[in-house]
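Commentary on secondary and tertiary structure
This is what each chain is made of:
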Amino acid sequence: MTRAGIRRGTARQAQLFDQLVALFLAAGFAHFTLDDIAARLHCSKSTLYTLAESKDRLVRAATVHFFRGATERVEAELDGHTGAADRIRAYLEAVGRQLEPASAQFMEDMAAAPTAREVYERNTRLAAERVRDLIADGVAAGELRDVHAAFVADVVAAVMVRIQQRHVAEATGLPDAQAYRELAALLTHGLTA
């Protein structure tokens, strides 16, 4: 058992997590029972229990699985990007692209479920820290205006939290993915020397 309550498993379990994430991204998860999930994944409830010991833990594990893969894909997208502004833009746009498959229902369910929300909040904090590091690198290299990287990252984190908590969607109608693209444009144009 890992810290997240996820059992290390087989290729079949990894496949089930991928299917589970796809199901949750498309339809959300709050309304599903374990029986519903098992039927949708064409497996037994006991198979689901090999992934996690309860629905709440299953939701958390699927959310961790989603964000772990998204983080890997975002970082991979940074390869080949040079220049601080380009790397910041690429990073935030990649974050937005990773959220594109997430339905409004999934985002609402994640915001309402404490265990899933905690995973999203942690990933939002980590993403804000990554942006802070990209800004600091750009300032140090003289590629970006001399800004206080921690302050700018704090502002970015506040916007990212508002996106995560669905406030940006409510206020603007923007889906999360588009909100990240708008944040990328605002930030990179504002920092360019």
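Remember, predicted model here, so these are calculated numbers, not experimental data.

Regarding the UniProt feature "transmembrane region" (unreviewed entry) in the chain
The feature "transmembrane region" (unreviewed entry), as annotated in UniProt, sits at residues 16-34 in this numbering. Counted over residues 16-34, helix gives 68% and strand 0%. Its end C-alpha atoms are 14 Å apart.

Notes on the UniProt feature "domain: HTH tetR-type" (unreviewed entry) in the chain
In the numbering adopted here, UniProt assigns the feature "domain: HTH tetR-type" (unreviewed entry) to residues 20-62. Spanning residues 20-62, this segment combines 72% helix with 0% strand, and its end C-alpha atoms are found 7 Å apart.

Here we look at helix α4 (residues 55-78)
For an α-helix the count is 3.6 residues per turn, leaving residues at separations of three or four pointing the same way. Its 24 residues place the ends of α4 35 Å apart at the C-alpha level, agreeing with the 34 Å of an ideal helix rising 1.5 Å per residue. Where α4 ends, the next residue or the one after it, G80, has phi of about 90 degrees, a positive value.

A short note on the pattern of salt bridges
Tallying each qualifying case throughout the model produces 12 salt bridges. For D35, the salt bridge identified is with K45, shortest N-O distance 3.6 Å. You can see D35 sitting in helix α2 (residues 34-41) and its partner K45 sitting in helix α3 (residues 45-51), a full 10 residues away along the chain. Among the residues examined, D35 registers a relative accessible area of 48% and is labelled partly exposed. Accessibility expressed as a relative area gives 33% for K45, which makes it partly exposed.

Quick look at the packing of aromatic side chains
Considering all chains together, one arrives at five aromatic pairs under this definition. Note on F24 and F29: the rings are 5.4 Å apart at their centroids and 50 degrees apart in plane angle, and the pair reads as tilted. Taking the relative accessible area as the measure of exposure, F24 reaches 1% and is therefore buried. Exposure remark for F29: the relative accessible area of 3% places this residue in the buried category. Judged by centre distance (6.1 Å) and plane angle (75 degrees), the ring pair of F66 and F106 falls under edge-to-face. Of this pair, F66 sits in helix α4 while F106 is found in helix α6 (residues 104-112), placing the two residues 40 residues apart along the sequence. Of the two residues examined, F66 and F106, each falls in the buried class. Three or more aromatic residues joined by ring pairs make a cluster, and in this case those are F24, F29, F66, F67, F106 and Y120.

Analysis parameters
- Residues numbered from 1 in each chain as written.
- Predicted model: local features only at pLDDT ≥ 70, side-chain atom pairs only at ≥ 80, totals over all residues.
- Heavy atoms only, no water.
- UniProt positions renumbered as here; feature names shortened; annotations may be inferred.
- Helix = DSSP H or I, 4+ residues; strand = E, 2+ residues; numbered from the N terminus.
- Expected span 1.5 Å × (residues − 1).
- Salt bridge = Lys/Arg side-chain N within 4 Å of Asp/Glu carboxyl O.
- Buried < 20%, exposed > 50% of the residue type's maximum accessible area, 1.4 Å probe, protein only.
- Phe/Tyr/Trp six-rings, centres within 6.5 Å; stacked < 30°, edge-to-face > 60°.

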